[in-house]
Amino acid sequence: MSRTIWIQANQLGRDNSALAELLRPADSPPPSQVLMIESSGRSTLYRYHRRKLTLLFSAMRHFAEELRKRRITVDYYPLLPDGSHPHRTFEDALRLHLQKFAPTEITMMELPDIGHHQAAASLIRNFGIPFRATRNTNMLTDKDAFATAHRSRKRLLMEQHYRSLRKQYHLLMEGDRPSGGRWNYNTNNRKPLKYGSIPRPLSFLPDKMTCDVIQTVNALFPDHPGTTVGFDLPVTHAQAIALADDFIAHRLPLFGDYQDAMVTGEPLLYHSFVAPFLNIGLLSPLHLLKKIEHAYLNGAAPLNAAEGYIRRILGWREYLYGVYHTFMPEYLTSNYLDARRRLPAFFWNGATDLHCLAETIGLALRTGYLHHIQRLMVISNFATLTGVRPLELLDWFMALFLDAYEWVMVPNVIGMGTYADGGRIATKPYVSGGSYINKMSDYCRHCRYSVRAKTGSDACPFNYLYWNFLDHTRTRLSSNPRLAMPYRKLHDMTAADRRDIHHAAEKFLLCFPR
Ligand code: SF4
């Protein structure tokens, strides 16, 4: 009789609840082993960025090494650069594992993505092996309790859940009151960047294990986007913690002030860049949040920065996880605004003369990462204004982004990014003309279009697309009180102005097939 703990690529936390069962002393524990599989089948569900595949396989291999040092048996199925591995899929590797160990039960921490969890459970049960899932310790929210409490609501607001988690985990609290007397310091935040010299995040030289992974990824996934050249991401817990500590010491103090700023050639500014590592378990959310609070309590970071950052992790991250588990699977195919255009081809090569898009798409293709305001107010804004199919945009994010998993990307794209859910999580679509991008970035200074011109061949396309979008979605959106002012402005425009806007938008959209 033996037991198997299956650990997948996004379950590498030291507090993985299935692993914890194995490590817990018992009177006479059955022999147990950990199973880890690199699956080329799973790796091609999307054309994943090569940096992401390298990160996942390297982090898995390093974690397996760590477990072996702790005298845990690890049955590891690596992909090999010459393709000679005896497995291609999870099923192939699982069959080999069962022949070797004949476990009487397989346990796995619950995967955050519903489809992947169900697929793994069915696969195991189809082999006739009992399967047991343990709680997902990579999140702080009880998803079932969240779904039960919220399922019948038309709209879910993040703030309520965020405040209850602040109280539950006693983060930035003074008794029952929020530190500083306020829950939210957004009004102190979101300034355009005024000066340069931004500290760069730590980078890590690839070791032999990572170099082997790079060779494999390049050999097996040559048509996937991105490059492994210059790969410098953390792949161990220690490295991920060092990255987070460096952020807290050097960039957190100005994170709040400049969290919405965007600058050409500056990929991260004061953002932490920890989500890719948080989402696979190399960092623990609670440890990270405690460190942020500690920085505030020690005077190393102001309250607006600490609260703004904690809001992103304890607020948005947890809330989106709850939303995903409350509204799936119907949520995935929502298309409230009836957006039917194909994703423009330039999303896969960055070849566009709209500088804000060329800059952000180019960055995503090179690095697999953008910070949230680039995702929301440049990429998703453009996709919404031009009526790109939400699922095509979702696929783009899922393929390219280091931190993309279904549980976080579905609500981010279907809800926040494109308003395809009809406003279940956002009170209005996050759309704007060029003036918002101009206010928060230097992009327009490098652009061939004029952000001040409303129509004409040199006018910023975001400008006429914005008004054209509002006009075309009037029946669905004009009763939204948060859009009352722009709809009033639209109403007050002359017929000639509106005609010019429509002509400009139509001409621009000719290049975007439905
Ligand atoms: Fe983007 Fe318009 Fe600014 Fe050009 S002018 S960078 S298209 S917002």
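Please read all numbers here as calculations on a predicted model, not as lab measurements.

Some words on the side chain of Arg375
Argument step 1. Inspection of the secondary structure puts Arg375 in helix 15 (residues 372–386).
Argument step 2. The class for Arg375 is buried, based on a relative accessible area of 13%.
Argument step 3. Only 2.7 Å separates the side chain of Arg375 from the backbone oxygen of Leu370, close enough to count as a polar contact.
Argument step 4. Ignoring any residue separated from it by four or fewer positions in sequence, one finds Arg375 in contact with Tyr369, Leu370, Ser380, Phe397, Phe401, Asp403 and Met409.

Comments concerning the nonpolar core
Argument step 1. Membership of the largest hydrophobic core comes to 149 residues, with the highest contact counts inside it found for Val34, Met36, Leu252, Phe382, Leu393 and Trp396.
Argument step 2. Beyond its immediate stretch of four places on either side in the chain, Val34 contacts Ile5, Ile7, Leu19, Leu22, Leu67, Ile72, Thr73, Val74 and Asp75.
Argument step 3. Ranked by size, the runner-up nonpolar core spans 17 residues in total, among them Leu94, Ala120, Ala121 and Leu123.

What to know about the sheet that holds strand 5 (residues 131–134)
The strands making up a sheet are joined through hydrogen bonds of the backbone, oriented either antiparallel or parallel.
Argument step 1. The five strands lie next to each other as 3-2-1-4-5, forming an open sheet whose pairing is parallel. At either margin of the open sheet sits one strand with a lone partner, and together these are strand 3 (74–77) and strand 5. Pairwise comparison of adjacent strand axes, ignoring direction, gives a mean angle of 25° for this sheet.
Argument step 2. For strand 4 (residues 105–109) and strand 5, the ladder comprises four bridges, and the chain directions are parallel. Looking at the pairing, Ile106 lines up with Phe131 of strand 5.
Argument step 3. On the sheet, helix 3 (residues 50–69) packs against strand 2 (32–37) and strand 3 and is oriented at approximately 160° with respect to strand 3.

What about the site of the ligand?
Argument step 1. Lining the immediate surroundings of the ligand are Leu354, Cys356, Gly434, Ile437, Tyr443, Cys444, Cys447, Tyr449, Val451, Cys460 and Phe462.
Argument step 2. Its residues assigned to classes, the shell around the ligand shows ten nonpolar, one polar and no charged.

Let's talk about the domain arrangement of the protein chain
Argument step 1. When cut into domains, the protein chain gives domain 1 (3–134), domain 2 (143–199 + 251–326) and domain 3 (345–509).
Argument step 2. Every contact between the two is made by 32 residues of domain 2 and, on the other side, 32 residues of domain 3.
Argument step 3. When the two sides are added together, the surface that domain 2 and domain 3 hide from each other amounts to roughly 2,800 Å², 63% of it contributed by carbon and sulfur.
Argument step 4. Three residues stand out in domain 2 for area buried against domain 3, namely Met262, Thr264 and Tyr324, and they jointly supply 26% of the buried area on that side.
Argument step 5. For the interface between domain 2 and domain 3, the tally reads zero salt bridges.
Argument step 6. Summed over the shared surface of domain 2 and domain 3, the number is nine residue pairs in polar contact (both at pLDDT 80 or more).
Argument step 7. Those elements that place two or more of their residues in the side of domain 2 that touches domain 3 are helix 11 (275–278) and helix 13 (303–327).

Some words on the packing of aromatic side chains
Centre distance and the angle of the planes are the two values used to describe a pair of aromatic rings.
Argument step 1. In this structure the tally under the stated criterion is 22 aromatic pairs.
Argument step 2. With 5.2 Å between their ring centres and 80° between their planes, Phe255 and Tyr309 make a pair best called edge-to-face. Pair noted here: Phe255 is in helix 10 (residues 252–255) and Tyr309 is in helix 13, with a separation of 54 residues, a long-range link.
Argument step 3. Judged by relative accessible area, Phe255 falls into the buried class, the value being 1%.
Argument step 4. Exposure remark for Tyr309: the relative accessible area of 2% places this residue in the buried category.
Argument step 5. The rings of Phe346, Phe347, Phe382, Trp396, Phe397, Phe401, Phe462, Tyr464 and Phe508 are connected pair by pair, giving a single aromatic cluster.
Argument step 6. Just above the ring of Trp348 sits the side chain of Arg47; from NZ or CZ to the centre is 5.3 Å.
Argument step 7. The side chain of Lys428 reaches across the aromatic face of Tyr430, ending 5.5 Å from its centre.

Cut-offs used in this document
- Residues numbered from 1 in each chain as written.
- Predicted model: local features only at pLDDT ≥ 70, side-chain atom pairs only at ≥ 80, totals over all residues.
- Heavy atoms only, no water.
- Helix = DSSP H or I, 4+ residues; strand = E, 2+ residues; numbered from the N terminus.
- Buried < 20%, exposed > 50% of the residue type's maximum accessible area, 1.4 Å probe, protein only.
- Polar contact = N/O pair within 3.5 Å; in protein donor to acceptor, adjacent residues only side chain to side chain.
- Contact = heavy atoms within 4.5 Å.
- Core = buried A, V, L, I, M, F, W, Y, C linked by side-chain atoms within 4.5 Å.
- Pairing = 2+ DSSP bridges.
- Axes fitted to C-alpha atoms, helices over the stretch in contact; angles between N-to-C directions.
- Near = heavy atom within 4 Å.
- Nonpolar A, V, L, I, M, F, W, Y, C, P; charged D, E, K, R; others polar.
- Domains from an automatic or database assignment.
- Buried area = accessible area lost by both parts, 1.4 Å probe.
- Salt bridge = Lys/Arg side-chain N within 4 Å of Asp/Glu carboxyl O.
- Phe/Tyr/Trp six-rings, centres within 6.5 Å; stacked < 30°, edge-to-face > 60°.
- Lys NZ or Arg CZ within 6 Å of the ring centre and 35° of its normal.

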